[in-house]
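What follows is each chain in one-letter form.
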Amino acid sequence: RQDAPRTQGILNMLGLHVAGLIAFQPAIHVTPIVTRSSPPTFARPNFPVRPESKHRHSSAITAIVPAAYNGPLGVTAGWTCFYYLYMWFSAANGLEPEACEGQKTWGSRCFGNMGEQAPAFLSGLWVHSVFVSPASATKIGVVYLATRLTYGIARLRAKGGMPAALPFISTVPGYAINIYLIGSAFLLRFFGLSCVANPAWAIACFPLCVISFLMVSALNKGLIGYFKA
């Protein structure tokens, strides 16, 4: 019994020793093991990115979208180049105090013509690519880009003027192409007319555009009296 308090004191001191060692022990940093099959469950700054994951998203898209759609993509890129080229000419002419009216008209109309037909062409190009054929969309798209280039060069040679033949070699063919792109997809999807996949059918849209314009012009002339009243 006399030794009991002494024994208890020794046990208490030993307990304090152990508690002190645990309390003041340096923190242990556990480095997670990162493997290819098991990504880390937490993120930390400057954590290295696995090389194979850098282009995973773009690779997945490339695997899904066939290479045939590279053609419409290239046409879209070409259209974008023309669009910004004409836009910069238009803006530069507006900021140039020495630019004459003919030069300003040339820049503004080239840019305006691109923008006016943009929704019809771009939507028609990709609708035709998806529902008809990306190959035929590419061919007819390249022809459309040629009409935009022809428009800019013709009005440049006319010093901003509008040559009489220009609507028939640039403007109306552009309308015909836009109608063909969306119209062919509609006819194939709803009526099963597979023959419209041939880009040559765009030529048939040319007289359709001319007739439609003449009909609308006659209708517009009949509205003159209404608006003046």
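The structure we're discussing is the one just above.
Given the structure is predicted, the values throughout are model-derived calculations rather than measurements.

The next subject is the packing of helix α4 (residues 101-131) against helix α6 (residues 166-191). Contact geometry for α4 and α6: axes closest at 8 Å, N-to-C directions at 35°. Like other packed secondary-structure pairs, α4 and α6 cross with a definite hand, here left-handed. Residues Gln117, Ala120, Phe121, Gly124, Leu125, Val127, His128 and Phe131 of α4 lie in contact with α6, whose contacting residues are Tyr175, Asn178, Tyr180, Leu181, Ile182, Ser184, Ala185, Leu188 and Arg189. Classifying every residue of the contact of α4 with α6 gives eleven nonpolar, five polar and one charged.

Our next topic: the environment of Thr150. Considering the arrangement of structural elements, one finds Thr150 in helix α5 (residues 134-157). Sequence separation between Thr150 and Ile169 is 19 residues, and the spatial gap between their C-alpha atoms is 8.0 Å. Residues contacting Thr150, with those up to four places away along its chain left out, are Leu166 and Ile169.

We now examine the environment of Ala120. Within the secondary structure, Ala120 sits in helix α4. A relative accessible area of 36% means that Ala120 is categorised as partly exposed. Linking Ala120 and Tyr175, residues 55 residues apart in sequence, is a C-alpha distance of 8.8 Å.

This next bit is on the pattern of salt bridges. Overall, the coordinates contain one salt bridge when judged by the stated rule. Here Arg109 and Glu116 are joined by a salt bridge, their closest N and O atoms 3.2 Å apart.

So, on to the nonpolar core. Counting 25 residues, the largest nonpolar core has Trp79, Phe121, Leu125, Ile140, Tyr180 and Leu181 as the members making the most contacts within it. For this core, the elements supplying multiple residues, two or more each, are α3 (70-95), α4, α5, α6 and α7 (205-222). Other than its neighbours up to four places away in sequence, Leu125 contacts Pro72, Val75, Thr76, Ala137, Gly141 and Leu181.

Basis of the calculations
- Residues numbered from 1 in each chain as written.
- Predicted model: local features only at pLDDT ≥ 70, side-chain atom pairs only at ≥ 80, totals over all residues.
- Heavy atoms only, no water.
- Axes fitted to C-alpha atoms, helices over the stretch in contact; angles between N-to-C directions.
- Helix = DSSP H or I, 4+ residues; strand = E, 2+ residues; numbered from the N terminus.
- Left-handed = near helix turned anticlockwise from the far one by under 90°.
- Contact = heavy atoms within 4.5 Å.
- Nonpolar A, V, L, I, M, F, W, Y, C, P; charged D, E, K, R; others polar.
- Buried < 20%, exposed > 50% of the residue type's maximum accessible area, 1.4 Å probe, protein only.
- Salt bridge = Lys/Arg side-chain N within 4 Å of Asp/Glu carboxyl O.
- Core = buried A, V, L, I, M, F, W, Y, C linked by side-chain atoms within 4.5 Å.

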